[in-house]
Amino acid sequence: MGDDDFGINQDTIKRMVTEIAEIIEMGVQVAIVIGGGNIFRGMAGGAVGMDRATADYMGMLATVMNSLALSDALEKNGVMSRVMSAINIEQVVEPYVRPKALQYLEEGKVVVFAAGTGNPFFTTDTAAALRGAEIGAEVVLKATKVDGVYTADPNKDPSATRYDEISFDEAMARNLQVMDATAFALCRDRDLPIRVFSIVKDGALKRVVMGEEEGTLVRV
């Protein structure tokens, strides 16, 4: 949503698509999981007092809208993409089928996983960890507004320092909020490393893929 209060900021999505296109040209296989907060926050007032499961389904539908917007922007930038939804809405996007997703990745297409896990009570982090494990990803890249994992919240504690690398066990012992507990445990158990980096930092995605020092690596 960029600097907007909610919705889809075109300048922001174009910048992200440009960075994704760079690594696709390098031959990297990319699958993307998107949240829906930029849309759902705009209607959050209407969700107050709503049943949690119902609100979660609304959030999943918001991720479908974001996924369609990203896919459209990728296609306009010359990058082939496919949106696959965990919720069946076949008139809009195709359902998630693991072998088909793997085929698309082999063909060099960007696969955008929409609608989270398809179940309420699970976060976008968990969807990313689950899909990453399913497709045999080498790493889960958690793109945030913060350029890594810190000893404390850098927005509240000016003395907080960033980790270049940290183990799953140490991150848990220090109660560092890398991902929600379910997603974090899944990545740890599957020996699936997590790289946390800033999506608002120009060129960060390419530097991560190139193996340069960027963000924080969480590994076993």
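Structure: see above.
The residue numbers shown here count from 1 along each chain, following its written sequence. Whole-chain, interface and lining totals are the exception, using all residues; otherwise, since this is a predicted model, local features are given only for residues with pLDDT of at least 70 and side-chain atom pairs are given and counted only at 80 or more. With hydrogens and water excluded, all non-hydrogen atoms of the structure serve as input to the side-chain values.

### Re the packing of helix 6 (residues 124–135) against helix 8 (residues 181–189)
So, step 1. Put simply, helix 6 and helix 8 touch, their axes get as near as 7 Å, and they point 20° apart. The orientation of helix 6 with respect to helix 8, classified from their angle, is roughly parallel. Regarding helix 6 and helix 8, the two cross each other, and that crossing is left-handed. Mapping the contact onto sequence places D125, T126, A129 and L130 in helix 6 and T182, A183, L186 and C187 in helix 8.
So, step 2. Under the scheme applied, nonpolar residues are Ala, Val, Leu, Ile, Met, Phe, Trp, Tyr, Cys and Pro; charged residues are Asp, Glu, Lys and Arg; polar residues are all the others, including Gly. Here the residues of the contact of helix 6 with helix 8 are counted per class, giving five nonpolar, two polar and one charged. To get an axis, a line is fitted to the C-alpha atoms, and for a helix only the part in contact is used. The angle between two axes follows their N-to-C directions and goes from 0 to 180 degrees. A run of H or I in DSSP becomes a helix once it reaches four residues, and a run of E becomes a strand once it reaches two; helices and strands are each numbered from the N terminus. When describing relative orientation, an angle under 35 degrees is termed roughly parallel and one over 145 degrees roughly antiparallel, while 65 to 115 degrees is termed roughly perpendicular and anything else oblique. In this scheme, a crossing is called left-handed if the near helix is turned counterclockwise away from the far one by less than a right angle; it is called right-handed if the turn is clockwise. The contact criterion used throughout is that any non-hydrogen atoms of two residues lie within 4.5 Å.

### Description of the pattern of salt bridges
Once the charged atoms of two side chains with opposite charge are near each other, the side chains can pair.
So, step 1. Salt bridges, as used here, are contacts in which a Lys or Arg side-chain nitrogen is within 4 Å of a carboxyl oxygen on Asp or Glu. Inspection of every chain in the model, using the stated rule, returns 13 salt bridges.
So, step 2. When the shortest N-O distance is used, the salt bridge between D72 and K76 registers 2.8 Å. One end of the pair is D72 and the other is K76, both in helix 4 (residues 52–76) and four residues apart, which spans about a single turn.
So, step 3. Burial status follows relative accessibility: with a 1.4 Å probe on protein chains alone, a residue under 20% of its type maximum counts as buried, one over 50% as exposed, and anything between as partly exposed. Its relative accessible area of 41% is what places D72 among the partly exposed residues.
So, step 4. Between R82 and E75 there is a salt bridge; the shortest N-O distance is 4.0 Å.
So, step 5. For R82, a relative accessible area of 25% puts it in the partly exposed group.

### As for the nonpolar core
So, step 1. Take the buried Ala, Val, Leu, Ile, Met, Phe, Trp, Tyr and Cys residues and link them wherever side-chain atoms come within 4.5 Å; each set so joined is a nonpolar core. In terms of nonpolar packing, the biggest core is built from 27 residues, with I20, I32, L70, L74 and V110 touching the most fellow members.
So, step 2. Counting only elements with at least two residues in this core, the list comes to helix 1 (10–25), helix 4, strand 4 (110–114) and helix 9 (204–209).
So, step 3. Considering every element that reaches this core, the biggest residue donor is helix 1, with six residues.
So, step 4. Setting aside its immediate chain neighbours within four residues, I32 contacts I20, L70, V110, V111, V112 and F113.

### Overview of the pairing of strand 7 (residues 194–198)
So, step 1. Here strand 7 lies mainly inside the structure; five of its five residues are buried.
So, step 2. Burial of the side chains of strand 7 extends over both faces: I194, V196 and S198 are buried on one face and R195 and F197 on the other.
So, step 3. Pairing between two strands is assigned when DSSP locates at least 2 bridges connecting them. Where strand 7 meets strand 8 (residues 216–219), three bridges bridge the pair, whose relative direction is antiparallel. Looking at the pairing, R195 lines up with L217 of strand 8.

### With respect to the packing of helix 1 against helix 4
So, step 1. Following both chains from N to C, one finds helix 1 and helix 4 inclined at 60°, their axes separated by 10 Å at the closest point. As summarised for this structure, helix 1 and helix 4 are arranged oblique, according to the angle between their axes. Here helix 1 and helix 4 pass one another in a crossing that is right-handed. Of helix 4, the residues touching helix 1 (which contributes I13, V17 and I20) are A69, L70, A73 and L74.
So, step 2. Of the residues that constitute the contact of helix 1 with helix 4, the class distribution is seven nonpolar, no polar and no charged.

### Focus: the packing of aromatic side chains
Geometrically, a pair of aromatic rings is defined through the distance of the ring centres and the angle of the planes.
So, step 1. Stacked, tilted and edge-to-face are the three classes applied to pairs of Phe, Tyr and Trp rings, where Trp contributes its six-membered ring and a pair requires centres within 6.5 Å; stacked means planes under 30 degrees apart, edge-to-face means over 60, and tilted covers the rest. Across all of its chains, the model carries two aromatic pairs by this definition.
So, step 2. Definition used: whenever NZ (Lys) or CZ (Arg) falls within 6 Å of the ring centre and also within 35 degrees of the ring normal, the charge is taken to sit over that ring. Sitting over the ring of Y104, R82 keeps its end group 5.5 Å from the ring centre.
So, step 3. In this structure, R131 packs its charged tip against the face of Y96, placed 3.8 Å from the ring centre.

### A closer look at helix 4
Residue pairs three or four apart in sequence face the same way in an α-helix, which turns once every 3.6 residues.
So, step 1. With 25 residues, helix 4 should cover 36 Å at 1.5 Å per step; its first-to-last C-alpha distance of 37 Å lies within 8% of that length.
So, step 2. Two to three positions downstream of the cap, the backbone nitrogen of A53 sits 3.1 Å from a side-chain oxygen, assigning the N-cap of helix 4 to D51.
So, step 3. In the segment just after helix 4, G78 is the residue with positive phi, at about 85°. Given a helix with a known number of residues, its expected span is that number minus one, times 1.5 Å. N or O atoms within 3.5 Å of each other form a polar contact, as long as, within protein, one can give a hydrogen and the other can take it, and as long as residues adjacent in sequence are counted only when both atoms are side-chain atoms.

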